[in-house]
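Here is what each chain is made of, one letter per residue.
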Amino acid sequence: MRSAPAAGLLPLLLGLRLLLGGGAAAQYSSDLCNWKGSGLTHESHKKDVEQVYLRCSEGSIEWMYPTGALIVNLRPNTSPASYKHLTVCIKPFKDSAGANIYLEKTGELKLLVRDGDRSPSKVYCFGYDQGGLFIEATPQQDISRKITGFQYELMSKGMASDLHTVSAPCRPCSDTEVLLAVCTSDFVIRGSIQDVTNMAEEQESIIHVGVSKLYRQKSKVFQLTGESGNWRGQIKTLLECGVRPGDGDFLFTGRMHFGEARLGCAPRFKDFQRMYKEAKDKGLNPCEIGPD
C-alpha cells in the first residue's frame, strides 16, 4: 500500500511534469551504467528535479551535496514487455546520507530508505513495475559532507527470490532444487569450510572456502593463492543460518549479488553424488556435470 506524497514532494513532482512537458533536456550518465553528480549545480532558491537515465543491469548512483530531488530512470536493454518480470535491488553506500529514497508511481510515493538509516549491507528490493526511484534531499544545515549513493541491480524475479527467500532462508534444498542450482548458479564448486567469520552488526557470516574442484564461476571470486597454490574464496550467507567449520566436502552453489558471492544450495558432496546419479539413471538430470 503506497502512502500519499509528502507536502514538500508534490510540488516537485508537479514541477517535473511541467518541465518535461516544456521539453526540458534530460541528463544522461556518461557511461549509461553509473551516474555521479552534484547538487551544487542547483540555484539555492530553487527545488530542482533532475532526471537520470541508466540503461545497464547494474551500476551505481553517487549524488554529492544533495539538494532538490533526483529521479532515476532504469531502462535496461531488454524488451519493454519483459520489464514486468524484473526485480530492482539497491544497496546504499555505508555512509550514504542527505536524502530520502522513495518509490514513485503516478505521483504516489512509498518510503524505501530513510535518511539516516544505518543498516550495513542491507539490500532493498522491489518489482520493476512498482515504480521508479525518487530521491529527495532532506533539509541540512551543512551539505558539504553529505553524499547519497547506492549500487543497483536488475534481475529476473526468480533469481531475486533465490537471493531473498523470506519464508525459510536457511532450509536445506530439495534434490530438485540442488540439481537446478547446479545448472543455473553463478558459481558451482566442490570444497570444504576452512573458517567462518560472523559479523553481528551486518547479521551475516563469511564462509572461507577451500576449493578442491571448480566447476563454474561467473566472477573471479575463487582464485589461486600464491602461498599454497590452492583455490580459495569467500561466500556470504545469513548469520541466522549458523554455519560452522567442519569436516567433509560440500557442493557450494550460489549467485553473485553486488559483487559478492551469496550462498544458495550447499549439500554435502556425497549427497550430491547420490542425487545426481539417481536423476541421471532416470534421465531426469537437467544438465551434465562431472560429479566426481
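Above this text sits the structure in question.
Below, the structure is looked at part by part. (Residues numbered from 1 in each chain as written. Predicted model: local features only at pLDDT ≥ 70, side-chain atom pairs only at ≥ 80, totals over all residues. Heavy atoms only, no water.)

1. Some points on unusual backbone geometry
Peptide bonds are mostly trans, and most non-glycine residues show a negative phi.
Link 1 in the chain: With phi around 50°, threonine 106 is a residue other than glycine that occupies positive phi space.
Link 2 in the chain: Topologically, threonine 106 is positioned in the loop between β7 (99–105) and β8 (108–113).
Link 3 in the chain: Look at glutamine 203: it is not a glycine, yet its phi comes out positive at around 60°.
Link 4 in the chain: As for its placement among the helices and strands, glutamine 203 is situated in the loop between β12 (187–199) and β13 (204–217). (Helix = DSSP H or I, 4+ residues; strand = E, 2+ residues; numbered from the N terminus.)

2. As for the sheet that holds strand β6 (residues 86–92)
Link 1 in the chain: With mixed pairing, five strands are arranged side by side in an open sheet as β2-β4-β11-β6-β9. Bordering the open sheet on either side are β2 (34–38) and β9 (124–127), each of which pairs with just one other strand. Between one strand and the next, the sheet's axes are offset by a mean angle of 15°, whatever the strand orientation. (Pairing = 2+ DSSP bridges. Axes fitted to C-alpha atoms, helices over the stretch in contact; angles between N-to-C directions.)

3. Thoughts on helix α4 (residues 269–281)
Link 1 in the chain: A rise of 1.5 Å per residue sets the reference length of α4, with its 13 residues, at 18 Å; its end C-alpha atoms lie 18 Å apart and thus fit the reference within 8%.
Link 2 in the chain: Where α4 is concerned, the buried positions are Phe269, Phe272, Met275, Tyr276 and Ala279. An end-on view of α4 places all buried positions within 125° of arc, on one side of the element. For α4, the exposed residues lying more than 90 degrees away from the buried face are Lys270, Lys277 and Asp281.
Link 3 in the chain: Structurally, α4 contributes buried residues whose contacts are with α3 (175–184), β12, β13 and β16 (250–257).
Link 4 in the chain: A positive phi of about 70° marks glycine 283, the residue just after α4. (Expected span 1.5 Å × (residues − 1). Buried < 20%, exposed > 50% of the residue type's maximum accessible area, 1.4 Å probe, protein only. Arc of directions from axis to C-beta. Contact = heavy atoms within 4.5 Å.)

4. Points about the pattern of salt bridges
Link 1 in the chain: In total, this model carries 11 salt bridges according to the counting rule given.
Link 2 in the chain: Of the charged contacts, one joins glutamate 204 and lysine 236 as a salt bridge, the two residues approaching to 3.6 Å between their closest N and O atoms. Within this pair, whereas glutamate 204 is found in strand β13, its partner lysine 236 is found in strand β15 (residues 231–238), the two being separated by 32 residues in sequence. With respect to burial, glutamate 204 and lysine 236 carry one shared label: buried.
Link 3 in the chain: A salt bridge links glutamate 204 to arginine 262; the nearest nitrogen and oxygen atoms lie 2.7 Å apart. Pair noted here: glutamate 204 is in strand β13 and arginine 262 is in strand β17 (residues 260–263), with a separation of 58 residues, a long-range link.
Link 4 in the chain: Via salt bridges that share partners, Lys91, Glu204, Lys236, Glu260 and Arg262 belong to a single interconnected network. (Salt bridge = Lys/Arg side-chain N within 4 Å of Asp/Glu carboxyl O.)

5. Thoughts on the environment of leucine 103
Link 1 in the chain: Looking at the element boundaries, leucine 103 is found in strand β7.
Link 2 in the chain: Sequence separation of leucine 103 and phenylalanine 126 is 23 residues, and the distance between their C-alpha atoms is 8.9 Å.
Link 3 in the chain: In contact with leucine 103, other than residues within four places in its own chain, are Glu108, Leu109, Lys110, Phe126, Gln130, Gly131 and Gly132.

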